[in-house]
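Structure assessment
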Amino acid sequence: MPHYCNLEVFKITIIGHPQNCSLRGEIKAAYTGAMKTSFLVALLNGLVATFVWGGEMVNESFDSENQRRAWQLVDGCEWVCPQLGSNTFLKVSAKDANMVAIVRKIDLRPFAGMKIAVTADLRLEGVTKPAHEWNGVKCMLVFETPTTSKQWCSLSNVYGTEDWKSYGYTCEIPPDATTGEWVLGLQESAGTVFFDNLAIRENGRRATTLPLPRAFAEPPYRGHAESRLRGCMISPVYDREGLETLHAWGANLVRFQITRDDNSAEADLDAFERRLQKLLGELEKMLPDCERLGIKVVIDLHSPPGGRLPDRSMAMFYQQDYADRFVETWQKIARQFKGRPAVWAYDLINEPVQNIPVPPGLQDYWDLQIRAAQAIREIDPETAIIFEVDNWDSASGFRFVEPVPVSNVVYQVHLYNPHEFTHQNVNDVVKPLAYPGTCNGAPLNREYLRKILKPVRDFQLAYNVQIYAGEFSAARWAPGAADYLRDCIDLFEEYGWDWSYHAFREWDGWSVEHGSDKEDRKPVSQDTDRKKVLVEAFHRP
């Protein structure tokens, strides 16, 4: 499932387009929208930055008097210069959870269609833990485009007391982006934070140029002979009665999650191995029944070696021993399950996130999957291999990749757009948002979903590849959740994609056997409208 754009430690500077040699912010009287809380605002009028397109990196600090003069500071914000000749920092202090922030306009056109890294050097003094992980220290980009809902890309889980560190996060800038806002400060936290060396740079892979769609002599590789694979994600603990129920509903696919059992089981490689062996044993129990019932299985490495860093990036992109164990894990799985009739595919990584460039000598989210797939192919030349894209396997991530040099490949996408609808009241309390309806002033309907999926559809048509929608869902209490699921499925079917709903008998928030009352944690006796949507779809030709 997707999460907010987040952070990780590294140090870089601003790059951009040589023709845009200054960014002149416009003074704002107030900052509104989703950040509408009680706050103090200081407004950036002209942080001047030199841009270099794809070459030298240029640091932008607050050391120049001309730069500092461009800011209009209010209570809670001040310049700090510890001693003559030393660096000057921006200091933001809050006495309570009210928001203290600076906001400025930023021209996003130099970064349109790019994946960027946003960074800042921070020092924290007694910053209290916020009520929500995406609050606390704010170093955030906010933007909205004609093809996207409002987006907040920010640090996450930043609070406490820390000496100077460099923090950053990755943000995908849509091709039609023009302007946005840059927000620095504190929200839902008391304490003090110092800022220095604000930066933006291109991060990782550039958007690709797709070949024009054309007629292909052969249909895409699918790895199965069914008209369509349709099913659900399931718990890694085998439930024979549950599998029989899915079969009775008409499902012919399950996505088996190899997950962690606690937060340490991924970072500790011995613990990871013990958990892996336990769950592969559960899979062995399940496969004979899957073969008997005609149900195909996706083996999903949901929690890879090393797990996720505090910013949700995967540790194996930044640490060699985790990357090596990832490849070895897939070699082990391929040896054990090669040639098993019920196994449809090896799902290499669930929802990869790579918020910063990888260190020299290591492989990024795409190349590491290629390495693992090639290692599998030395053992198992036939079983389908599923690749997932960056940023939680989002549809937009398909703009940054090309087909891989590996045989028998399927490409996966996850759909939880807009997050404000699918995850409403999951981790917070918000006003209900209905589907169909409007979100951030824009229509929320099937055509909205079609626009979100367009990068995936374009990739499919350009390269003649098979797409698998491995996860999609909406909280059971979301108004119109059944209509949302129906529109998702209708698009998958129109495009010829295989799909699996998230999830069957896992967390009850996604359960189609539970009603729309969030407080009722027991399955209901009558079929829900969401269950009816799934069962009807499972029985399509």
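Cut-offs applied
Within any chain, residue numbers begin from 1 and follow the written order of that chain's sequence. Whole-chain, interface and lining totals are the exception, using all residues; otherwise, since this is a predicted model, local features are given only for residues with pLDDT of at least 70 and side-chain atom pairs are given and counted only at 80 or more. Computation of side-chain values: all heavy atoms of the structure, hydrogens and water removed. For the purposes of this entry, the term helix denotes a DSSP run of H or I that reaches at least four residues, the term strand denotes a run of E that reaches at least two, and both are numbered from the N terminus. Classification of residues uses two cut-offs on accessible area relative to the type maximum, computed with a 1.4 Å probe and protein chains only: under 20% is buried, over 50% is exposed, and between them is partly exposed. Residue contacts are counted whenever heavy atoms from the two residues lie within 4.5 Å of one another. Working definition of accessibility: Shrake-Rupley area with a 1.4 Å probe, residue cover restricted to the visible protein chains. Stacked, tilted and edge-to-face pairs are distinguished by plane angle, under 30 degrees for stacked and over 60 for edge-to-face with tilted covering the rest, among Phe, Tyr and Trp rings (Trp via its six-membered ring) whose centres lie within 6.5 Å. Each residue carries a pLDDT value, the predictor's own confidence for that position, ranging from 0 to 100. When two cysteine sulfur atoms lie within 2.5 Å, the pair is treated as a disulfide. Geometry is summarised by axes, namely lines fitted to C-alpha atoms with helices restricted to the contacting stretch, and by angles between N-to-C directions that run from 0 to 180 degrees. Geometric relationships in this document are graded by angle, where less than 35 degrees denotes roughly parallel, more than 145 denotes roughly antiparallel, 65 to 115 denotes roughly perpendicular, and other angles denote oblique. Each crossing gets its hand from how the near helix is turned against the far one by less than a right angle, where anticlockwise is left-handed and clockwise is right-handed. Residues are grouped as follows: Ala, Val, Leu, Ile, Met, Phe, Trp, Tyr, Cys and Pro are nonpolar; Asp, Glu, Lys and Arg are charged; all remaining types, including Gly, are polar. One fewer than the residue count of a helix, multiplied by 1.5 Å, yields its expected span. Only strands joined by at least two bridges in the DSSP assignment are considered to pair. Polar contact criterion, stated in full: a pair of N or O atoms within 3.5 Å, where within protein one must be able to donate a hydrogen and the other to accept it, and residues adjacent in sequence count only if both atoms are side-chain atoms. When a carboxyl oxygen of Asp or Glu lies within 4 Å of a side-chain nitrogen of Lys or Arg, that pair is called a salt bridge. To get the bend at any residue, fit one axis to the seven residues that end at it and another to the seven that begin at it, then take the angle between the two axes.

**Things to note about the overall build of the protein**
Looking only at helices and strands, the protein has 10 helices and 22 strands in total. Counting every position in the protein, which comprises 541 residues, the buried fraction comes to 58%. Contacts in the protein between residues at least 24 apart in sequence constitute 77% of all its contacts with a sequence separation of at least 6. Split by element, the accessible area of the protein, about 21,700 Å² in all, is 50% carbon and sulfur.

**Side note on the packing of aromatic side chains**
Taken as a whole, this structure holds 26 aromatic pairs when the rule is applied. Between the aromatic rings of Phe-421 and Tyr-484, the centroid separation amounts to 5.2 Å while the plane-to-plane angle is 45 degrees, which identifies the pairing as tilted. Here Tyr-484 lies in helix H9 (residues 481–495) and Phe-421 lies in helix H7 (residues 419–422), a separation of 63 residues in the sequence. By relative accessible area, Phe-421 is classed as buried at 0%. Residue Tyr-484 is classed as buried on the basis of its relative accessible area, which comes to 0%. When the centroid spacing of 5.6 Å and the interplanar angle of 15 degrees are considered together, the rings of Trp-499 and Phe-538 count as stacked. Residue Trp-499 is located in strand E22 (residues 498–504), and its partner Phe-538 is located in helix H10 (residues 529–538); the two are separated by 39 residues in the primary sequence.

**A look at the confidence of the model for the protein**
Parts of the prediction with low pLDDT should not have their coordinates interpreted in detail. For the protein, per-residue confidence averages 85 on the pLDDT scale, and 87% of positions sit at 70 or higher. Contacts of residues 1–58 to residues separated by more than four positions or lying in other chains number 191 contacts, the stretch itself having pLDDT below 50.

**Notes on the state of the cysteines**
This model, assessed by the stated rule, comprises one disulfide. The disulfide partner of Cys-153 is Cys-171, and the S-S distance across this bridge is 2.4 Å. Judged by the sign of its S-S torsion, about 55 degrees, the bond between Cys-153 and Cys-171 is right-handed. A residue pair is termed long-range when its members are at least 10 positions apart, and Cys-153 in strand E9 (residues 151–153) and Cys-171 in strand E10 (residues 160–172) qualify at 18 residues. Per residue, the accessibility class of Cys-153 equals that of Cys-171, and both read buried.

**A few points about unusual backbone geometry**
Here Tyr-435 and Pro-436 are connected by a cis peptide whose omega angle stands at -10 degrees. A cis amide bond links His-502 to the next residue, Ala-503, at an omega of 0 degrees. One can find Ala-503 in strand E22. The residue Glu-188 is not glycine, and still its phi comes out positive at about 60 degrees. In this fold, Glu-188 is placed in the loop between strand E11 (179–187) and strand E12 (191–202). Take Glu-188: its relative accessible area is 22%, and that puts it in the partly exposed class. We note that Asn-408 has phi near 55 degrees; this positive angle belongs to a residue other than glycine.

**A short note on the packing of helix H3 (residues 269–293) against helix H4 (residues 320–337)**
At a minimum axis distance of 12 Å, the contact between H3 and H4 shows a crossing angle of 20 degrees. Relative to H4, the element H3 is oriented roughly parallel. Where H3 crosses over H4, the two elements pack in a sense that is right-handed. Taken together, the residues of H4 that come into contact with H3 (itself represented by Leu-269, Phe-272, Glu-273, Leu-276, Gln-277, Leu-280, Leu-283, Glu-284 and Leu-287) are Asp-321, Tyr-322, Arg-325, Thr-329, Lys-332, Ile-333, Gln-336 and Phe-337. Across the contact of H3 with H4, the residue classes break down as nine nonpolar, three polar and five charged.

**What to know about helix H5 (residues 365–377)**
Under the 1.5 Å per step criterion, the end-to-end length of H5 is 19 Å for 13 residues, consistent within 8% with the ideal 18 Å. When you tally the buried positions in H5, you get 10 out of 13 residues, the bulk of the element. Every buried residue of H5 is accounted for by Tyr-365, Trp-366, Leu-368, Gln-369, Ile-370, Ala-372, Ala-373, Ala-375, Ile-376 and Arg-377. Close packing links the buried residues of H5 with strand E7 (115–127), H4, strand E16 (343–347), strand E17 (384–388), helix H6 (390–393) and strand E18 (409–415).

**Looking at the sheet that holds E17**
Spatial ordering of the closed barrel is given by E13-E14-E15-E16-E17-E18-E21-E22, a layout of eight strands whose pairing is parallel. The sheet shows a mean angle of 25 degrees between the axes of neighbouring strands, direction not considered. Relative to strand E15 (residues 296–300), strand E14 (residues 253–257) runs parallel, the two being bridged by five bridges. Paired with Leu-253 across the two strands is Lys-296, which belongs to E15.

**Notes on the side chain of Gln-369**
Here Gln-369 is to be found in helix H5. Note on Gln-369: relative accessible area 0%, which makes it buried. Polar side-chain contacts of Gln-369 include one of 2.8 Å to the backbone oxygen of Glu-388. Discounting residues that sit within four places of it in the chain, Gln-369 has contacts with Leu-348, Ile-349, Pro-352, Ile-386, Phe-387 and Glu-388.

**Some remarks on the pattern of salt bridges**
By the definition in use, this model includes 37 salt bridges. Residue Asp-239 pairs with Arg-505 through a salt bridge whose shortest N-O separation is 3.9 Å. Note that Asp-239 is positioned in the loop between strand E13 (230–234) and helix H2 (240–249) and Arg-505 in the loop between E22 and H10, a separation of 266 residues in sequence. Look at Asp-239 and you get partly exposed, because its relative accessible area is 34%. The class for Arg-505 is partly exposed, based on a relative accessible area of 32%. One salt bridge in this structure joins Arg-371 and Asp-324, with 2.9 Å as the shortest N-O distance. One end of the pair, Arg-371, is in helix H5; the other, Asp-324, is in helix H4, with 47 residues separating them in the sequence.

**Comments concerning H3**
Taking 1.5 Å of rise per residue, the 25 residues of H3 would be expected to cover 36 Å, and the 35 Å separating its terminal C-alpha atoms lies within 8% of that figure. At Met-286, H3 shows its largest bend, some 30 degrees, and a proline, Pro-288, comes one to four positions later. Capping of H3 at its N-terminal end is provided by Asp-268; its side-chain oxygen lies 2.9 Å from the backbone amide nitrogen of Asp-270. Gly-294 sits one or two positions beyond H3 and adopts a positive phi of about 75 degrees.

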